[in-house]
Amino acid sequence: MKDRLKELRKVLGLKQRDIAERLGVDVSNVGGWESGRNTIPDTRVYQLCKEYNVNRTWLETGEGEMFLPPPEKPSLEVIQRQFVEALIERLTDEQRQVIYDAMMKEAEKDREEAEKK
């Protein structure tokens, strides 16, 4: 893993100090990991992968791609739905009931109009 950590750092154009600062450790820790003197603690492996979007399997074994694919951005529809859900969560029970009643009234109108056609 020591060689892959060094390779990752070089690909990212970072110095040991940059990695150390990002992980909140002393630069000597990163040097020890890269030289193989010290084993990278599991918590730091997790942190490295999360901070730099690294494929943990690659870091640990060398298999697969160095980086994970970028996370997909949610669609506008998903963002809007999450926004509405967050707003609804902040409503009181009485406010939710008013909205529910209004929606049911509109649904009934739509049903009646559909039956006329």
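Residues numbered from 1 in each chain as written. Predicted model: local features only at pLDDT ≥ 70, side-chain atom pairs only at ≥ 80, totals over all residues. Heavy atoms only, no water.

1. Side note on the nonpolar core
Burial of nonpolar side chains together is a common tendency in soluble globular proteins. Grouped together as the largest cluster of nonpolar side chains are 17 residues, with contacts concentrated most on W33, L48, V54 and L59. Looking at this core, the elements with two or more residues in it are helix 1 (2-11), helix 2 (16-23), helix 3 (27-35), helix 4 (42-52) and helix 5 (56-61). In terms of residues, this core owes the most to one element, helix 4, which gives four residues. Each residue touching W33, except ones within four places of it in the same chain, is listed here: K2, L5, L23, V25, N38, T39, I40, P41 and R44. (Core = buried A, V, L, I, M, F, W, Y, C linked by side-chain atoms within 4.5 Å. Buried < 20%, exposed > 50% of the residue type's maximum accessible area, 1.4 Å probe, protein only. Helix = DSSP H or I, 4+ residues; strand = E, 2+ residues; numbered from the N terminus. Contact = heavy atoms within 4.5 Å.)

2. Some details on the side chain of R4
Inspection of the secondary structure assignment puts R4 in helix 1. A polar atom in the side chain of R4 sits 2.8 Å from the backbone oxygen of L59. (Polar contact = N/O pair within 3.5 Å; in protein donor to acceptor, adjacent residues only side chain to side chain.)

3. Points about the pattern of salt bridges
For the coordinates displayed, the defined rule picks out 10 salt bridges. Linked by salt bridges that have partners in common, D42, R56 and E60 make up one network. (Salt bridge = Lys/Arg side-chain N within 4 Å of Asp/Glu carboxyl O.)

4. Points about the packing of helix 2 against helix 4
At a closest axis distance of 10 Å, the pairing of helix 2 and helix 4 adopts a crossing angle of 100 degrees. When the axis of helix 2 is compared with that of helix 4, the two are roughly perpendicular. Facing helix 2, whose interface residues are D18, I19, R22 and L23, helix 4 presents R44, Q47, L48, E51 and Y52. Residue composition of the contact of helix 2 with helix 4, grouped by class: four nonpolar, one polar and four charged. (Axes fitted to C-alpha atoms, helices over the stretch in contact; angles between N-to-C directions. Parallel < 35°, antiparallel > 145°, perpendicular 65-115°, else oblique. Nonpolar A, V, L, I, M, F, W, Y, C, P; charged D, E, K, R; others polar.)

5. Notes on helix 1
Within helix 1, burial applies to R4, L5, L8 and R9. The buried side chains of helix 1 occupy one side of the element, clustering within an arc of 140 degrees when seen end-on. Those residues of helix 1 that are exposed and aimed more than 90 degrees away from the buried face are D3, K10 and V11. Looking at the buried side of helix 1, the elements it contacts are helix 2, helix 3, helix 4 and helix 5. Directly after helix 1, the chain includes G13, whose backbone phi takes a positive value near 70 degrees. (Arc of directions from axis to C-beta.)

Geometric descriptors of this kind do not, in isolation, establish any biological role.
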